[in-house]
Amino acid sequence: MTNKVKNRIREVRKMKKITQAKLVENISITRQYISLIELGEETPSLKVANEIATALGTCMYAIFDLDGTGRYKCSSCDRS
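Residues numbered from 1 in each chain as written. Predicted model: local features only at pLDDT ≥ 70, side-chain atom pairs only at ≥ 80, totals over all residues. Heavy atoms only, no water.

**Describing the overall build of the protein chain**
What counts here: A run of H or I in DSSP counts as a helix once it spans at least four residues, and a run of E counts as a strand once it spans at least two, with each numbered from the N terminus. The quantity called the radius of gyration is restricted to C-alpha atoms. Its globule counterpart is 2.2 Å times the number of residues to the power 0.38. A simple rule labels every residue: compare its accessible area, found with a 1.4 Å probe on the protein chains alone, to the largest value its type can have, and call it buried under 20%, exposed over 50%, or partly exposed in between. Whether two residues touch is decided by their heavy atoms; if any such pair falls within 4.5 Å, the residues are in contact. Accessible areas in this description were obtained via Shrake-Rupley with a 1.4 Å probe; residue shielding takes into account the shown protein chains only. The charge count treats Lys and Arg as positive and Asp and Glu as negative. His and the chain ends do not count. A single reference atom marks each charge: NZ on Lys, CZ on Arg, CG on Asp, CD on Glu.
Assigned secondary structure in the protein chain consists of 5 helices and 0 strands. What you see in the protein chain, going N to C, is helices and strands ordered as α-α-α-α-α. On C-alpha atoms alone, the protein chain measures out to a radius of gyration of 12 Å, which is about the 12 Å that the 2.2 N^0.38 rule sets for 80 residues. When the backbone C-alpha atoms are referred to their principal axes, the protein chain occupies close to 30 × 30 × 20 Å. Of all 80 residues assigned to the protein chain, the portion counted as buried reaches 39%. Excluding contacts between residues fewer than 6 apart, the proportion of contacts in the protein chain whose partners are at least 24 apart in sequence is 43%. Accessible area of the protein chain: about 5,200 Å², with a carbon and sulfur share of 50%. In the protein chain, which carries 14 positive and 9 negative side-chain charges, the distance between the mean positions of the two groups comes to 5 Å.

This is the structure we're talking about:
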């Protein structure tokens, strides 16, 4: 049984006009893997989730629904 984590990667990436290929240029995953994460078919490690969020210029909580609330909010940095 896997625990899928919902994410807003595609939404934030499109808003910032960043392609999947550009997003993964400086992180340790492939374009194919980011596609699977966006589709909810894969759940990234915390390290990879942090790399993705950093590459998008935000924190993990603004991208991933880590607490299961659907709020995508970080109480520490107040980003959304």
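**A word on the nonpolar core**
How we decide: What makes a nonpolar core is a set of buried Ala, Val, Leu, Ile, Met, Phe, Trp, Tyr and Cys residues whose side-chain atoms join them at distances within 4.5 Å.
In terms of nonpolar packing, the biggest core is built from 17 residues, with I9, I29, I34, I52 and L56 touching the most fellow members. A per-element tally of this core places helix 4 (residues 46-55) first, with 4 residues. Residues contacting I29, with those up to four places away along its chain left out, are V24, I34, I37, V48 and I52.

**Some remarks on the environment of I63**
Mapped onto the fold, I63 is located in helix 5 (residues 60-63). The exposure class of I63 is buried, given its relative accessible area of 0%. Along the chain, I63 and E41 lie 22 residues apart, while their C-alpha atoms are 16 Å from each other. Residues in contact with I63, not counting those within four places in the same chain, are K6, N7, R8, I9, V12, A53, L56, T58 and Y72.

**Description of unusual backbone geometry**
Even without a glycine there, the phi angle at K17 is positive, about 55 degrees. Mapping K17 onto the fold places it in the loop between helix 1 (9-15) and helix 2 (20-23). Its relative accessible area of 76% is what places K17 among the exposed residues.

**Considerations on a nonpolar patch on the surface**
Note the threshold: Patch construction takes residues with relative accessible area above 30% that form no salt bridge. Like charges are linked within 9 Å, and nonpolar side chains (Val, Leu, Ile, Met, Phe, Trp, Tyr) are linked within 5 Å. Basic side-chain nitrogens of Lys or Arg form a salt bridge, by our definition, when they fall within 4 Å of a carboxyl oxygen of Asp or Glu.
A cluster of nonpolar side chains, contributed by L46, Y61 and L66, occupies part of the molecular surface with about 290 Å² of accessible area. Structurally, Y61 can be placed in helix 5.

**A short note on the pattern of salt bridges**
Inspection of every chain in the model, using the stated rule, returns 5 salt bridges. With its nearest N and O atoms 3.3 Å apart, the salt bridge here joins R10 to E38. Here R10 is found in helix 1, whereas its partner E38 is found in helix 3 (residues 31-38), with 28 residues between them in sequence. Using a relative accessible area of 9% as the deciding quantity, one classes E38 as buried. Taking the shortest distance from any N to any O, the salt bridge between K22 and E25 comes out at 3.3 Å. Several salt bridges converge on common partners, so that one network encompasses R10, R13 and E38.

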